[in-house]
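What follows is the residue order along each chain.
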Amino acid sequence: MFVEPTPRGSLSEEALRELESQLGFPLPDEYRAWLARTNGAEFPFDREGGTFTEPVLAGYDYGIDEDLYGYRTGGNTHTELLVAHSDRGDLPMDYLPIMRLTTGAILIKVTEPRLGSIWHRGESSFTDDGVYLPDTPDDDPDEVAGTFGAFLGMWSIDDGSEDTGSSTAS
């Protein structure tokens, strides 16, 4: 069953221009329009007596660690685009982290070619201050979807997964 994340609110044109100014580049049009409508979003996650329901990305074994980032999301630095951008480590400037997974990060391409496409970069460890380190710094991200809309359409609910008590969803 398709799942749509729950929006946090919206962003004004002024807030979007401010965000782009702080990032130092314009956001891809489709993603920018989505941010204007949602300011990031939270995925549904539900526990009921030994089972849990969580969203999964079709064709991938990705576990959600954090929801889709926004701008000025109310103090939660783990859902802030600017924090993710500044904590990017050795990630090429062609990509903006938009979501954390247990297997790494989901990125949007902010330059041509493939502007607005969605990518995954694996990460496996943390520094002492909580920043993820990539598995192999030379690894290029892997493309997940050609557009942000296609990426959103890839999420579905995994009903009845066994609850191991170690979920990392927010």
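The preceding data block contains the structure.
Just so you know, these numbers come straight off a predicted model, no measurement behind them.

So, about the pairing of strand β5 (residues 95–101). Taken across its seven residues, β5 has seven buried, putting it largely inside the fold. Between the antiparallel neighbours β5 and strand β6 (residues 104–109) lie two residues.

Bringing unusual backbone geometry into the picture now. Here the residue pair Glu 112 and Pro 113 is connected by a cis peptide bond, since its omega of -10° sits within 30 degrees of zero. Of note in the backbone geometry, Asn 39 takes a positive phi value of approximately 50° without being a glycine. Position of Asn 39 among the secondary structure elements: in the loop between α2 (29–38) and β2 (41–42). By relative accessible area, which is 7% here, Asn 39 ends up buried. Located in the positive-phi region is Arg 114, a residue other than glycine, with phi close to 75°.

Let us now look at the nonpolar core. Membership of the largest hydrophobic core comes to 38 residues, with the highest contact counts inside it found for Tyr 31, Leu 96, Ile 98, Met 99 and Phe 151. Contributing elements (two or more residues each) for this core: α1 (13–23), α2, α3 (81–86), β5, β6, β9 (142–145), α4 (148–152) and β10 (155–162). Leu 91, Tyr 95, Ala 105 and Leu 107 belong to the second-largest nonpolar core, a separate cluster that totals five residues.

Restricting attention to buried positions, one finds in α1 the residues Ala 15, Leu 16, Leu 19, Glu 20 and Leu 23. Down the axis of α1, the sector holding all buried residues measures 135°, keeping them to one side. Turned more than 90 degrees from where α1 packs its buried face, Glu 14 and Ser 21 sit exposed. Its buried side turned inward, α1 meets α2, α3 and β5.

The rules behind these values
- Residues numbered from 1 in each chain as written.
- Predicted model: local features only at pLDDT ≥ 70, side-chain atom pairs only at ≥ 80, totals over all residues.
- Heavy atoms only, no water.
- Buried < 20%, exposed > 50% of the residue type's maximum accessible area, 1.4 Å probe, protein only.
- Helix = DSSP H or I, 4+ residues; strand = E, 2+ residues; numbered from the N terminus.
- Pairing = 2+ DSSP bridges.
- Core = buried A, V, L, I, M, F, W, Y, C linked by side-chain atoms within 4.5 Å.
- Arc of directions from axis to C-beta.
- Contact = heavy atoms within 4.5 Å.

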